[in-house]
Amino acid sequence: MKKFISVMGFQYCVQDNGRNNTPMVFLHGLPTSKELFKVLSPQFENDYRTICIDLLGYGESEKTGRHLEHWERARNLSRLFEEMDLAEIILICHDLGASVAMELIASCPERVSRLILMSPPVYPDFREPWIVKLVRAPLIGPLLILLAKNLLLKRSIERALFHRENYGKFLQRDLEASFSGWKGSRALLRDLRWGRPKQAFARYPEIMKGISQPVLILQGMMDPYIPVSHAERALNDIPHAELVLLEEAGHFLPLDVPEEIHEIIRKFLQEIA
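The shown structure was predicted, so the numbers you read here are calculated from the model rather than taken from an experiment.

1. Remarks on the sheet that holds strand S4 (residues 49-53)
If you trace the 8 strands from one edge of the open sheet to the other, you get S1-S2-S4-S3-S5-S6-S7-S8, paired in mixed fashion. Edge positions in the sheet fall to strand S1 (2-7) and strand S8 (241-246), since each of these pairs with one other strand and no more. Across this sheet, the average inter-strand angle for adjacent strands is 20°, counted without regard to direction. Two strands pair when backbone bridges link them, and strand S2 (residues 10-16) and S4 are joined in this way by 3 bridges, in the antiparallel orientation. Across the sheet, Asp 16 pairs through a bridge with Ile 51, a residue of S4.

2. Quick look at unusual backbone geometry
In this chain, Leu 30 is followed by Pro 31 through a cis amide linkage whose omega measures -5°. Structurally, the position occupied by Pro 31 is in the loop between strand S3 (23-27) and S4. With a phi close to 60°, Asp 85 is a non-glycine residue in the positive phi region. Tracing the backbone through its elements, the reader meets Asp 85 in the loop between helix H1 (70-83) and strand S5 (89-94). The class for Asp 85 is exposed, based on a relative accessible area of 65%.

3. Focus: the packing of helix H4 (residues 140-158) against helix H7 (residues 181-192)
Relative orientation of the contacting elements H4 and H7 amounts to 95°, with a least axis distance of 10 Å. When the axis of H4 is compared with that of H7, the two are roughly perpendicular. Facing H4, whose interface residues are Gly 141, Pro 142, Ile 145, Lys 149 and Leu 153, H7 presents Gly 181, Ser 185, Leu 188, Leu 189 and Leu 192. Here the residues of the contact of H4 with H7 sort into 6 nonpolar, 3 polar and 1 charged.

4. Concerning a nonpolar patch on the surface
Taken together, the side chains of Leu 143, Leu 146, Leu 147 and Trp 182 present a nonpolar region at the surface, about 510 Å² in accessible area. With 3 residues, the top contributor of residues to the nonpolar patch is H4. On the secondary structure map, Trp 182 appears in helix H7. Take Trp 182: its relative accessible area is 60%, and that puts it in the exposed class.

Calculation notes
- Residues numbered from 1 in each chain as written.
- Predicted model: local features only at pLDDT ≥ 70, side-chain atom pairs only at ≥ 80, totals over all residues.
- Heavy atoms only, no water.
- Pairing = 2+ DSSP bridges.
- Helix = DSSP H or I, 4+ residues; strand = E, 2+ residues; numbered from the N terminus.
- Axes fitted to C-alpha atoms, helices over the stretch in contact; angles between N-to-C directions.
- Buried < 20%, exposed > 50% of the residue type's maximum accessible area, 1.4 Å probe, protein only.
- Parallel < 35°, antiparallel > 145°, perpendicular 65-115°, else oblique.
- Contact = heavy atoms within 4.5 Å.
- Nonpolar A, V, L, I, M, F, W, Y, C, P; charged D, E, K, R; others polar.
- Patch = residues over 30% accessible without salt bridge, like charges linked within 9 Å, V, L, I, M, F, W, Y side chains within 5 Å.
- Areas by Shrake-Rupley, 256 points an atom, 1.4 Å probe, with all protein chains shown as cover.
- Salt bridge = Lys/Arg side-chain N within 4 Å of Asp/Glu carboxyl O.

By themselves, these figures tell us nothing about what the structure is for.
Printed below as a string of structure tokens:
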């Protein structure tokens, strides 16, 4: 069931199956939305309360009109969890969602019982993708968003998929709609100018070393955005972590190989139950 929840003056769009089971929360990354999980999340619905959230500025959640730092996103999400009475969750996150998860783990570790990180950008030496660099340019960026927004979305996602046809099948229409119009264009511009890794991720290596929860890291071998070496570093930095490398997968794992991801996550959760 889709619903809108107001938290700290902002409105979130949430897809919640409403079951009386363990909550499993899905956080998408840049530049996607909750629809990234439209194939993956239903596979868990018989056993979990699946909750897919549009981060502020994305999808059907409110376009805030200003840039949000990762720690602000984590604070607002914590309030959202309180509003939804989610005391302890399994957190499944991709890309930007994994970065925000670092802030959540640091500020309210008691809320997360299990953590699954997919294609996680978490190190200060992370190199921004080409589309982010283009959009950061003072004059070129706004012009590109104005003239070629949907083409930029299409190219940046398709090039990071092993199964490229899945973008058109599962995500393209929803993503283009979520960034439609002038307000959507401004939101996308802000989202792509999310910050600099050296500052935004500065605390994350230390945060990872203090994580006590079981963690599963999933990384596509064909990912053009997140180096495999960063996933391997995270495996070494997080005390109770497991890493699975997927050979025929790119960056957008829930879209690229949802069935394979489902089996890996289910096995992980069963083994640590």
